[in-house]
Protein chains: 2
Amino acid sequence: MAPLKMEDLSEDRILHLVDQIKDWQSIVRSQTENTVSSYPVGVACFPTAVPRSRFDQAIKLQTVFNRLYCAVAEDDQWLYNVIRDIIPTDSLAKALWSVHEAVKKDGYVQSISLGLFRSDYMLHLDHDKEMESDDEDELSDASLKQVEMNTFSASGGSHADKVQVMHHYLARTGMYETSGVAFDSTSLATNRNIKSIGSSLALAHETYGHARSKGVKATAVLMIVQPNNFNIADERPIEYELWDRQVPVPTYRLEFGADVLQYTSLGQDRELLFQPPWLESGLEISVVYMRAGYEAHEYDDVGIKARIQLEQSTAIKCPSVLSHITTFKKVQQALSAPGTLEAFLPGHEGLHARKLACDLVQSMNYILKPSLEGGGHNVYGSDIPPYLSLTPEAQWSSYILMERIHPPLQSNLLMGPAVLDSGETVSELGIFGCCLWQSAKTADAQASEESDHRIQMLSNEVGGWTFKTKFADIDEMSVVKGFGHFDTPLLVDL
Amino acid sequence: MAPLKMEDLSEDRILHLVDQIKDWQSIVRSQTENTVSSYPVGVACFPTAVPRSRFDQAIKLQTVFNRLYCAVAEDDQWLYNVIRDIIPTDSLAKALWSVHEAVKKDGYVQSISLGLFRSDYMLHLDHDKEMESDDEDELSDASLKQVEMNTFSASGGSHADKVQVMHHYLARTGMYETSGVAFDSTSLATNRNIKSIGSSLALAHETYGHARSKGVKATAVLMIVQPNNFNIADERPIEYELWDRQVPVPTYRLEFGADVLQYTSLGQDRELLFQPPWLESGLEISVVYMRAGYEAHEYDDVGIKARIQLEQSTAIKCPSVLSHITTFKKVQQALSAPGTLEAFLPGHEGLHARKLACDLVQSMNYILKPSLEGGGHNVYGSDIPPYLSLTPEAQWSSYILMERIHPPLQSNLLMGPAVLDSGETVSELGIFGCCLWQSAKTADAQASEESDHRIQMLSNEVGGWTFKTKFADIDEMSVVKGFGHFDTPLLVDL
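Attention here is on the structure that accompanies the text. All figures in this text were calculated on a predicted structure; none of them were measured in a lab.

What follows concerns the overall build of chain A. Summing up its helical and strand segments, chain A has 15 helices and 20 strands in all. Burial analysis of chain A (494 residues in total) assigns 59% to the buried set. Put simply, of all contacts in chain A between residues at least 6 apart along the chain, 74% involve residues at least 24 apart. Split by element, the accessible area of chain A, about 20,400 Å² in all, is 50% carbon and sulfur.

Right, dumping it as structure tokens:
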């Protein structure tokens, strides 16, 4: 072929090309105009012990949670009943519900949705005895508690994938051998997050099929991203994986908000058409992979219009606005009400798994504690909302809402972008769920093991996992803020 | 297995563990005490055109060059004659020759050596007409000229591997499509440098065989590195590749100099034993992979002792001190003398390849130009040394020694750690050669196609390639200094 000449490309395309290159050069990037500097993601220097039985339990439950949240996402009336109280005060809930209402008016034209969920757990010690660090007995007593279910295209998968490779490497080089005791590196958990997230997106892309719009030849996945994005290093490997598949899945990025309205449009049958100035030919979008649009501030008028446009289209959404809404803690709380789980997971085999899931979910209670010392005025679980409604708002700040989780403490050395320190730590295990489902309203009504009255599961898989560790005296697990450190579970038989 | 406790490891090991982790987090690192920040490696935004026929020619010649330099490395008398004039003034040559002499006194105990060579080329236009940028006719006229043969564990392989993946990705996303003309991404050259360098080291490791020293169970590759190393991002992928092979090859790093003397020792039969404080069990080193020890300042007394200790051992060296010495330009120059190549590549089939190689090598002439304007006093090639010997040294600085290469100019946009700029550029193509050979003095004397009177080639392969581009008005191609930018050849049929 002929030599390529830079002059043949528009300025727009060159600018975009430069942007593309920046991302190949960064870990977690902080960008300047012409280049990029990067800083490392925080990691735990030592893999943290997790009882193998608890880890296996979390894995085993994931497909049940997937099915549960898919079913919930297709019941907008139930969802509305759950979140209507927070709509006036929670601007994200308000924005998302307004998107749903706007789209519902003309009717949804895509009955299939993709979910890349992550269910987060902590280990929990029931007893009230003084906790001691690194106590094996404690670890063997610990049960698994669900902290939250994240149904919004959960992040952290790529980082967790790379960091477990690091820990496996360190283990194999003998760094974790202790005097006389060989380190069994097969005890380190493994994941293939990047491949499994890629596979799920590819399956949705294939399920969408050929371009429907006349004059458009190709389909592509569109990843909706935040501007000045700290998650680049977590997002990019998934894109590259999609391009690298045996049958490559074209994947492009687009910033949420104005760019969505500027570079996408709806075709005659509401196909989502993508025509940015840096591409020669327009594309029809098969899958909208949302990695932006999860924070309230993103939903100004333009943000709401952008989300409506995406949601109105024939593209398969990951997540749909309704499945996005299931991520509110209110929904988790409502699912713990007696009889609710059973309604969404109608009876056939799997009773045992359902029982286990119910145990987990029902344990997701909270304690409202007066932040003043003294004790005795704790309020528990579902008593909290009515209690608060009788309490003047001016007094709310004198209470702390605490999750009733007492994790075992383990000592570790954590290495963040600016700090290297040791201390007592606690960890959080996230299990990825990857699922593609069809609303039964339009789905082939044929009953199968994987379908119930609301949904038909087209695919229901456990993805990989994330595992994050923080100092015990820190409240937040945020990796971006430097508190959370990626880690690898060391599976122990106790 | 039981949970791992940080307290079970010594401070030494923890410090080393932290060092290991830093390297997983960096691209090109600049280190602080507790963490690491990194900056990107320079890249060309557009792949640069190279006539496919010239690229193929360079690939085809590599095994001939490999064999040539292996043969030269086994002829210490010839090498001495070539470099003896520079020993008094070139402190690196002096150091390396003193190492050879010291080791030769007691005799070498390993007859097998590994070479990871890189032969560098530029395109060259013979005619003197005014060069115009991006002229396809010029490109089709361009011939290939060898700039240098690097026989010291050549670097850049990992970067080049990753940057070509980037250019392939950019091509597939449509970034290089021009109006109406699809970009054929199969025209972009590919390489698997990391895998091929890893395979060569693994072959040498296997060839070494089991540990010979009593009480030592395992063998490992030892990568000798520079302190505060900018090449981390180029070295680490090779280590990880070795650990990741189906049969993992244990690979460790050690800084050149004092650490070599502190953490290695010679066994009874001169096995190279490695016992750093951060490893539980000692290892016997199968292959010494030198990525340090190529700069004169590294050879103080301790550096010389360290190199002697490595060289005296039974470990297979990459490179041996004699093959290291073949990297001097003096050796290249001597090889261009009539009849020399033929002496080192004795006649059997392969005459044609040898003819091609001779053409290349013989073109490696230089021009000595007065740096004052005026012209007419140029001195060419082998006339230069006698001319200089008749010229008072005080006047030498008034001359410039230039390689007679006039590369075609191509415009590009180069993106370095701190700069993004466009302009006329020139490129350099490096072809990796991976070879394992045995000195015929001790080798099974059985004649084969791959053996001659000096050496027996145990393996002779073309590795991948590097491709670097710089602005035409800059003299140096150094990537570390920010001048050279990794690039991918766009193979054009002209």
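What follows continues from the structure just given.
Two elements in contact, helix α6 (residues 157-172) of chain B and helix α7 (residues 193-208) of chain B, have axes separated by 8 Å at closest approach and are oriented at 145 degrees. For the pair formed by α6(B) and α7(B), the contact residues are B:G157, B:S158, B:A160, B:D161 and B:K162 on the first element and B:N193, B:I194 and B:I197 on the second.

All names here are of chain A. Considering the arrangement of structural elements, one finds Q438 in strand β17 (residues 420-439). The buried category is assigned to Q438, whose relative accessible area is 15%. Of note is the side chain of Q438, whose polar atom sits 3.0 Å from the side chain of S111.

Residues and elements named next belong to chain B. Direction vectors running N to C along helix α4 (residues 91-106) and helix α10 (residues 301-312) enclose 45 degrees, while the axes themselves pass 9 Å from each other. As far as their axial angle goes, α10 and α4 are oblique. As α4 runs across α10, the sense of the crossing is right-handed. In contact with A95, L96, S98, V99, A102, V103 and D106 of α4, α10 contributes I304, R307, I308, E311 and Q312. Its residues assigned to classes, the contact of α4 with α10 shows 7 nonpolar, 2 polar and 3 charged.

Turning to helix α4 (residues 91-106) of chain A, a few remarks are in order. Residues and elements named next belong to chain A. A rise of 1.5 Å per residue sets the reference length of α4, with its 16 residues, at 22 Å; its end C-alpha atoms lie 24 Å apart and thus fit the reference within 8%. Turning to α4, its buried residues number three or more, namely L92, A93, A95, L96, W97, V99, H100 and V103. Packed against the buried residues of α4 are α3 (76-83), α10 (301-312) and α11 (321-325). Of the residues one or two after α4, G107 is the one with positive phi, at around 95 degrees.

Turning to unusual backbone geometry, a few remarks are in order. Negative phi characterises most residues that are not glycine, and trans characterises most peptide bonds. Of the consecutive residues A:C318 and A:P319, the connecting peptide bond is found in the cis state with omega at 0 degrees. Mapping A:P319 onto the fold places it in the loop between β12 (316-318) and α11. A positive phi angle, close to 65 degrees, is found at B:R270, a residue other than glycine. Mapped onto the elements of the fold, B:R270 is located in the loop between β9 (264-266) and β10 (272-274).

The tendency in soluble globular proteins is for nonpolar side chains to be buried as a group. Membership of the largest hydrophobic core comes to 199 residues, with the highest contact counts inside it found for A:I224, A:F274, A:V331, B:I224, B:F274 and B:V331. Discounting residues that sit within four places of it in the chain, A:F274 has contacts with A:L222, A:Y252, A:R253, A:L254, A:Y263, A:T264, A:L279, A:G282, A:L283 and A:I285.

In regular strands, side chains alternate between the two faces of the sheet. All names here are of chain A. Alternating residues of strand β4 (residues 48-51) divide into T48 and V50 and A49 and P51, and every residue in both groups is buried. Summarising the sheet, β4 and strand β20 (residues 489-492) pair through 4 bridges and their orientation is parallel. Within β20, the position partnered with A49 by the bridge is L490.

A few words on the packing of aromatic side chains. This model, assessed by the stated rule, comprises 18 aromatic pairs over all chains. In textbook terms, an aromatic cluster arises when at least three aromatic residues are bridged by ring pairs, as seen for A:Y169, B:Y240, B:W243, B:Y252 and B:F274. Of note, A:R212 hangs over the ring of A:Y208, and the distance from its end group to the ring centre comes to 4.1 Å.

Overall, the coordinates contain 19 salt bridges over all chains when judged by the stated rule. Salt-bridge contacts for A:E241 lead to A:K195; the nearest nitrogen and oxygen are separated by 3.4 Å. In this pair, A:E241 sits in helix α8 (residues 232-244) while A:K195 sits in helix α7 (residues 193-208), placing the two residues 46 residues apart along the sequence. The partner of B:R52 in a salt bridge is B:D493, and the shortest N-O contact between them spans 2.9 Å. Here B:R52 is found in helix α2 (residues 52-73), whereas its partner B:D493 is found in the segment after β20 (489-492), with 441 residues between them in sequence. The exposure class assigned to B:R52 is partly exposed, which follows from its relative accessible area of 25%. Residues participating in the shared-partner salt-bridge network are A:E235, A:R236, A:E239 and A:R253.

Turning to the environment of B:R245, a few remarks are in order. Residue and element names in this part refer to chain B. Relative to the assigned elements, R245 resides in the loop between α8 (232-244) and β8 (251-255). When its relative accessible area of 24% is taken as the criterion, R245 is described as partly exposed. As for R245 and A202, which are separated by 43 residues in sequence, their C-alpha atoms are 8.8 Å apart. Side chain to side chain, R245 and S199 meet in a polar contact 3.3 Å long.

Moving on to the side chain of A:N150. Residue and element names in this part refer to chain A. The topology assignment puts N150 in strand β6 (residues 143-150). A polar contact of 3.0 Å, which involves the side chain of N150, links it to the backbone nitrogen of F152. Apart from the residues lying within four places of it in its own chain, the contact partners of N150 are L116, F117, R118 and T327.

Residues and elements named next belong to chain B. Counting buried residues in strand β17 (residues 420-439) gives 15 out of 20 residues, a clear majority hidden from the surface. Bridge analysis of strand β5 (residues 112-124) against β17 gives 10 bridges, and the strand direction is antiparallel. Residue pairing in the sheet places D120 in a bridge with G430 of β17. The pairing of strand β16 (residues 410-415) with β17 spans 6 bridges and is classified as antiparallel. Its bridge partner being in β17, S411 is matched across the sheet by E424. Between β16 and β17, which follow one another and run antiparallel, lie 4 residues.

Quick notes on the rules
- For every chain, the first residue of the written sequence is number 1, and numbering continues from 1 onward in sequence order.
- Going through the entries in the order they are written, you letter the chains from A and number the ligands from 1.
- Selection of residues for local features in this predicted model requires a pLDDT of at least 70, selection of side-chain atom pairs for listing and counting requires 80 or more, and totals for whole chains, interfaces and linings are taken over all residues.
- As a convention, hydrogens and water are excluded, and side-chain values are obtained from all of the structure's heavy atoms.
- Strands are runs of DSSP state E lasting at least two residues, helices are runs of H or I lasting at least four, and both sets are numbered from the N terminus onward.
- Each residue is assigned to one of three classes by its accessible area relative to the maximum for its type, calculated with a 1.4 Å probe on protein chains only: buried under 20%, partly exposed between the two thresholds, exposed over 50%.
- Residues are treated as being in contact if the distance between any of their heavy atoms lies within 4.5 Å.
- With residues, only the protein chains shown are counted as cover, and all accessible areas are computed by Shrake-Rupley using a 1.4 Å probe.
- Axes, fitted as lines to C-alpha atoms, cover a helix only where it is in contact. Angles between the N-to-C directions of the axes lie from 0 to 180 degrees.
- By the criterion applied in these results, polar contacts are pairs of N or O atoms within 3.5 Å in which, for protein atoms, one can donate a hydrogen and the other can accept it, and in which residues neighboring in sequence qualify only through two side-chain atoms.
- Oblique is the label for any angle not under 35 degrees, not over 145, and not in the 65 to 115 range, which are roughly parallel, roughly antiparallel and roughly perpendicular in turn.
- Crossing chirality is assigned from the near helix's rotation relative to the far helix, an anticlockwise turn below a right angle marking it left-handed and a clockwise turn marking it right-handed.
- Following the grouping adopted for this structure description, the nonpolar residues are Ala, Val, Leu, Ile, Met, Phe, Trp, Tyr, Cys and Pro, the charged ones are Asp, Glu, Lys and Arg, and the polar ones are all others, Gly among them.
- Multiplying 1.5 Å by the helix residue count minus one yields the expected span of that helix.
- In plain words, nonpolar cores are sets of buried Ala, Val, Leu, Ile, Met, Phe, Trp, Tyr and Cys residues tied together by side-chain atoms within 4.5 Å.
- When DSSP finds at least two bridges between two strands, those strands are taken to pair.
- Note on ring pairs: Phe, Tyr and Trp rings are taken, using the six-membered ring of Trp, and paired if centres are within 6.5 Å. Classes follow the plane angle, with under 30 degrees stacked, over 60 edge-to-face and the rest tilted.
- The criterion is that NZ of a Lys, or CZ of an Arg, lies within 6 Å of the ring centre and within 35 degrees of the ring normal, and then a charge sits over that ring.
- Salt bridges are defined by distance alone: a side-chain nitrogen of Lys or Arg within 4 Å of a carboxyl oxygen of Asp or Glu.

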